[in-house]
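Notes for the structure review
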Amino acid sequence: QVQLVESGGGLVQAGGSLRVSCAASGRTLSSYAMGWFRQAPGKEREFVAAISRRGDDTYYADSVKGRFTISRDNAKNTVFLQMNSLKPEDTAVYYCAASTMLGITTIHNNYAYWGQGTQVTVSS
């Protein structure tokens, strides 16, 4: 098993940047493909970005493509989501998740392990 803890959320103005992190403990992070999801109030949890086990493949939701970058440091057991050009509609709780699938996946149910989430609020 792996335990995930997100950090780095906060309040930022529209157009600003923020980097959220996901630290893993337990099993080594390189055993998992990783993803970021988000959930805004009153909305379903949605896929944001995913990265392969070695970090050589990434995939993004259309809504964040070109603005967000997912990366990982397996030596430090940490995954990052760099968010630039933030918009008010990016406001949500951001969750990292770990999948045992060999490739990256955008499907919520393919992720077995989840963090508790970190709040990101973008003011207009």
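Up top is the structure.
Residues numbered from 1 in each chain as written. Predicted model: local features only at pLDDT ≥ 70, side-chain atom pairs only at ≥ 80, totals over all residues. Heavy atoms only, no water.

Below, the discussion takes up the state of the cysteines. Under the definition given, this model contains 1 disulfide. Covalent S-S linkage joins C22 and C96, the inter-sulfur distance amounting to 2.0 Å. Sign of the S-S torsion, about 50 degrees for the bond between C22 and C96, identifies this disulfide as right-handed. Within this pair, whereas C22 is found in strand β3 (residues 18-26), its partner C96 is found in strand β9 (residues 92-99), the two being separated by 74 residues in sequence. (Disulfide = S-S within 2.5 Å. Helix = DSSP H or I, 4+ residues; strand = E, 2+ residues; numbered from the N terminus.)

At N77, a position not held by glycine, the phi torsion is positive, near 55 degrees. Residue placement: N77 occurs in the loop between β7 (68-73) and β8 (78-83). Positive phi, normally seen in glycine, also occurs at S85, with a value near 50 degrees. Summarising the element assignment, S85 is placed in the loop between β8 and β9.

Quick look at the nonpolar core now. Burial of nonpolar side chains together is a common tendency in soluble globular proteins. Grouped together as the largest cluster of nonpolar side chains are 35 residues, with contacts concentrated most on M34, W36, L81, M83 and Y94. Listing elements by their share of this core, those giving two or more residues are β1 (2-7), β3, β4 (33-39), β5 (46-51), β7, β8, β9 and β11 (118-123). When residues no more than four places from it in sequence are discounted, the contact partners of M83 are G16, S17, L18, V20, R67, F68, Y94 and V120. (Core = buried A, V, L, I, M, F, W, Y, C linked by side-chain atoms within 4.5 Å. Buried < 20%, exposed > 50% of the residue type's maximum accessible area, 1.4 Å probe, protein only. Contact = heavy atoms within 4.5 Å.)

Take K43: it is sitting in the loop between β4 and β5. Given the relative accessible area of 59%, K43 is considered exposed. The sequence separation of K43 and A92 amounts to 49 residues, and the corresponding C-alpha distance is 9.5 Å.

By themselves these figures say nothing about function.
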